[in-house]
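Overview (structure and organization)
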Amino acid sequence: MMKIMSISKKDPHNPNVIYQQLKTLTNAAGLPLVGAANDFEIKVQFVAKNSITPGKFKAHPSLPNTWFAHPQTIRALRPDIFVLGEDGLEDFESLCQCNICHQTFDRQFFILCPHCLRDLPL
Ligand SMILES: [Zn+2]
């Protein structure tokens, strides 16, 4: 518990911390929203596509857990990214604005600004 809290202070956008928080959530039937530990092991693939707006993702029409993204977006992604199902993620959206290019993006997915590739402060 203490360990999670100290990680959280250092990096509130760490997916492991968010995952710990998600595990405490339940759905309307009182069942955990995020259950088995292997939920966390889902491999997410990104396919470079220049027509996607930097900072955005578009689901692949047929391959599960595969997303199209601008090459710059893929470069800016955190290496430990994971994607959950339809439920639960919106609550953790953390929009922020880059202080260099002033574009907004969801902070939880990136270690660099997906628009100008500047380092993001934690
Ligand atoms: Zn920027």
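Procedures and definitions
- Along each chain, numbering runs from 1 in the same order as the chain's sequence is written.
- Note on the predicted model: pLDDT of at least 70 is required for a residue's local features to be given, and 80 or more for side-chain atom pairs to be given and counted; whole-chain, interface and lining totals, by contrast, use all residues.
- Under the DSSP-based scheme used, a helix requires at least four consecutive residues in state H or I and a strand at least two consecutive residues in state E, with every element numbered from the N terminus.
- Think of it this way: build a C-beta for each residue from its backbone, and any pair within 7 Å is a contact.
- Here, strands pair whenever DSSP counts at least two bridges between them.

Details of the environment of Trp-67
Position of Trp-67 relative to the elements: it lies in strand β3 (residues 66-69). For the pair Trp-67 and Phe-46, spaced 21 residues apart in sequence, the C-alpha separation works out to 4.9 Å. If we skip the residues at most four places from it in the chain, Trp-67 touches Val-44, Phe-46, Phe-57, Lys-58, Ala-59 and His-60.

Looking at the sheet that holds strand β1 (residues 45-48)
Strands sit in the order β1-β3-β2 across an open sheet of three strands; the sheet is mixed. What marks the edges here is a single partner per strand, and that holds for β1 and β2 (58-59). Taken together, the two bridges between β2 and β3 define a ladder with antiparallel strand orientation. When the sheet's bridge partners are listed, Lys-58 is paired in β3 with Phe-68.

Functional significance is not addressed by these values, which are geometric in nature.
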